[in-house]
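Each chain, letter by letter, is given below.
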Amino acid sequence: MYVPSCQAPPSGVGVFAELVRAGGPCRVDKAEERAISLRQLKSVNAHGARRCAAEGWIGKRFVDGEMRYEKLDPERLNLYDMASHVILPASHGHLLPDGKTKPSFVELLAAGSQRPEYFVSHYWAEKHREFIDCIAQHTRDRAYGGGKFVTSEYRGVPRGQEGADGDDGLLWVCAYANNQWVRAVLVEPDAKCECVCA
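About the cut-offs
Residues numbered from 1 in each chain as written. Predicted model: local features only at pLDDT ≥ 70, side-chain atom pairs only at ≥ 80, totals over all residues. Heavy atoms only, no water. Phe/Tyr/Trp six-rings, centres within 6.5 Å; stacked < 30°, edge-to-face > 60°. Lys NZ or Arg CZ within 6 Å of the ring centre and 35° of its normal. Helix = DSSP H or I, 4+ residues; strand = E, 2+ residues; numbered from the N terminus. Expected span 1.5 Å × (residues − 1). Buried < 20%, exposed > 50% of the residue type's maximum accessible area, 1.4 Å probe, protein only. Contact = heavy atoms within 4.5 Å. Salt bridge = Lys/Arg side-chain N within 4 Å of Asp/Glu carboxyl O.

Q: Which parts of the structure should I look at to understand the packing of aromatic side chains?
A: Geometry of an aromatic ring pair is reported as the spacing of the ring centres plus the angle between the planes. What the rule picks out here adds up to four aromatic pairs. One cation-aromatic arrangement involves Lys102 over Trp181; the distance from NZ or CZ to the ring centre is 5.5 Å.

Structure follows, in structure tokens:
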């Protein structure tokens, strides 16, 4: 698999060591239990931005009505970029404990099943950083995963009290949850969680 960049990308799975859990990938049989936490999303985004700047990633963009390759700005990475430079190469270079099956990206990060609190529907071409900012705001607004709302003066709470992102909030995001090396998406029809549109 070739990932376009201005210089050769680092070889081997070592480049993803900061993302992959100690002990390697973990099998999560049910795709609907492959949620990703906000903390994990932030880590993936920081990894991508750092490597993009260091390696000079190239990606496809519409320029003057035509699809062209151009050097990517680490602050403007989208999910297409994350898929081609992080999700696919990281999961391609690892195997699940059976020694034969490539994992989903979440199976690289998780120690076991991660049941989602919300299902996220979003646009792959939006900036990945803005996608994460929307998710962070959602965790604050809905107060889950440790999220706390930034308050205004209300019921004795001082104006401007510091809010907090819900870094432990779990969200089902297709690109991270689905195994990109398997054609079928196996989500149980009775899986229940609320939807977030980012």
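This is not the end of the story, as more comes after the structure.
Q: Help me understand helix α1 (residues 38-55), please; the structure alone is not making it clear to me.
A: Within an α-helix, residues lying three or four positions from one another point in the same direction, as the helix has 3.6 residues per turn. Helix length check: α1, at 18 residues, gives a terminal C-alpha distance of 25 Å against a target of 26 Å (1.5 Å per residue), a fit within 8%. Buried within α1 we find Leu38, Gln40, Leu41, Val44, Asn45, His47, Gly48, Ala49, Arg51, Cys52 and Glu55. Elements that come into contact with the buried residues of α1 comprise β1 (36-37), α2 (79-92), α3 (105-109), α4 (128-142), β5 (170-172) and α5 (174-177).

Q: Can you help me understand the side chain of Thr139 in this one?
A: Inspection of the secondary structure assignment puts Thr139 in helix α4. If we skip the residues at most four places from it in the chain, Thr139 touches Leu38, Tyr144, Gly147, Asp165 and Gly166.

Q: Can you help me understand the pattern of salt bridges in this one?
A: Two side chains bearing opposite charge may form a pair once their charged atoms approach each other closely. Inspection of the entire model under this criterion finds 15 salt bridges. Note that Asp98 is salt-bridged to Arg27, the shortest N-O span being 3.7 Å. Placement of Asp98 in the loop between α2 and α3 and of Arg27 in the segment before β1 is noted, with a sequence separation of 71 residues between them. Arg61 is the partner of Asp81 in a salt bridge, and the nearest nitrogen-oxygen pair spans 2.5 Å. Of this pair, Asp81 sits in helix α2 while Arg61 sits in strand β2 (residues 58-63), placing them 20 residues apart in sequence. No difference in accessibility class separates Asp81 from Arg61, as the two residues are buried. The network of salt bridges with shared partners includes Arg39, Lys42, Arg140, Asp165, Asp167 and Asp168.

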